[in-house]
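Each chain, letter by letter, is given below.
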Amino acid sequence: MANICLVEDEQKVSAFICRGLEENGYKLQTAKDGASAKALLQKTEFDLIIMDVMLPDINGIELCRQVRFTDTKTPILMLTALDQIQNKVSGLKAGADDYLVKPFHFIELLARIEALLRRQKVTEAVEHVLTFDDLKLDTWSNIAERAGHQISLTAKEYTLLELFMRHPNKVLSREYIAEQVWNIGFDTGTNFIDVYVNYLRKKIEKGFKNKLIHTVIGMGYILKIEK
Ligand code: CA
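Residues numbered from 1 in each chain as written. Predicted model: local features only at pLDDT ≥ 70, side-chain atom pairs only at ≥ 80, totals over all residues. Heavy atoms only, no water.

### Details of the packing of aromatic side chains
Summed over the entire model, instances satisfying the criterion amount to five aromatic pairs. Ring geometry for Phe16 versus Phe106: centroids 5.9 Å apart, planes at 80°, classification edge-to-face. One end of the pair, Phe16, is in helix H1 (residues 11–23); the other, Phe106, is in helix H5 (residues 106–127), with 90 residues separating them in the sequence. Exposure remark for Phe106: the relative accessible area of 18% places this residue in the buried category. Residues Trp182 and Tyr196 carry aromatic rings whose centres are separated by 5.1 Å and whose planes lie at 65° to one another, so their mutual orientation is edge-to-face. Separated by 14 residues along the polypeptide, Trp182 in helix H7 (residues 174–182) and Tyr196 in helix H8 (residues 192–205) bring together distant segments of the chain. Residue classification places Trp182 among the buried positions, given a relative accessible area of 17%. The side chain of Arg146 reaches across the aromatic face of Phe208, ending 4.2 Å from its centre. (Phe/Tyr/Trp six-rings, centres within 6.5 Å; stacked < 30°, edge-to-face > 60°. Helix = DSSP H or I, 4+ residues; strand = E, 2+ residues; numbered from the N terminus. Buried < 20%, exposed > 50% of the residue type's maximum accessible area, 1.4 Å probe, protein only. Lys NZ or Arg CZ within 6 Å of the ring centre and 35° of its normal.)

### Focus: the sheet that holds strand S6 (residues 129–132)
What the four strands build is an open sheet, ordered S6-S7-S8-S9; its pairing is antiparallel. Looking at the sheet topology across the chains shown, the edges are occupied by S6 and strand S9 (149–151). Ignoring strand direction, the axes of neighbouring strands in this sheet form an average angle of 25°. Bridge analysis of strand S8 (residues 143–146) against S9 gives three bridges, and the strand direction is antiparallel. Residue Ala144 lies in a different strand from S9, and its bridge partner there is Ile151. (Pairing = 2+ DSSP bridges. Axes fitted to C-alpha atoms, helices over the stretch in contact; angles between N-to-C directions.)

### Let's talk about the nonpolar core
Of all hydrophobic cores here, the largest spans 26 residues; its most connected members are Leu161, Phe164, Met165, Ile177, Leu200, Ile204 and Ile213. Per element, the largest residue contribution to this core is six residues, and it comes from helix H6 (residues 155–166). Once you skip the residues sitting within four places of it in the chain, Ile213 turns out to touch Phe164, Val197, Leu200, Arg201, Ile204, Glu205, Tyr221, Ile222 and Leu223. With 22 residues, the next largest nonpolar core counts Phe46, Leu63, Ala94 and Val101 among its residues. (Core = buried A, V, L, I, M, F, W, Y, C linked by side-chain atoms within 4.5 Å. Contact = heavy atoms within 4.5 Å.)

### Comments concerning the coordination of the calcium ion
For the calcium ion, every protein donor is listed as Glu8 (OE), Asp9 (OD), Glu10 (OE), Asp52 (OD) and Met54 (O), and the spread of their distances is 2.0 to 3.1 Å. Each donor residue of the calcium ion lies on one chain, and together they are spaced E-D-E-x41-D-x1-M. (Donors = N, O, S within 2.8 Å, 3.2 Å for Na, K, Ca; no water.)

### Digging into the side chain of Thr80
Within the fold, Thr80 resides in strand S4 (residues 76–81). A relative accessible area of 2% places Thr80 in the buried class. Here Thr80 is in contact with Val53, Asn87, Tyr99, Leu100, Val101 and Lys102, once residues within four sequence places are set aside.

So, in structure tokens, the structure goes:
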């Protein structure tokens, strides 16, 4: 069940939207102005935001722009009056994903919401899979593959590989790896990081011509394609 934030000062419009969406199985929280909307958005994570352009304290387009500073992902649907069609362009430029002209039929609002949520799902599904060369890591199922062959990893090896794949072509120091994977400060007395990197290397490179994890002497390790 999707959680929707509705920012609208007109009581009648707000009640109409809430009633209709709740009947369709959506959960709603409302804000009547920009200030309360920002407070609400800070403490709750929503699947979608519906935002009216005409608000008492701030223009909805400006509000949208401000929300996008910290939240680049949640779909935003702007509501705008027919005589403010210019708002369409400004709203989309400010980071809104779609807009709807008032007055609208409820069925159209519903269709727009469903389309935005569907699009969001597709985006998330793509982003949860990390790829590097012929290496693939699914961060939902925790399955690693190289050239289509599944690689079985321990929990630490998996975390280590995810770290490399989130920072490709970048030297990662042993200190940084220790902090990120083991949550500890670096202890110069042990070589456990080198040991683990070697375990991981064996698993992802065995049987393949190209090495992917390289030692950078005196600095750490890097995931890269050697040319
Ligand atoms: Ca309004």
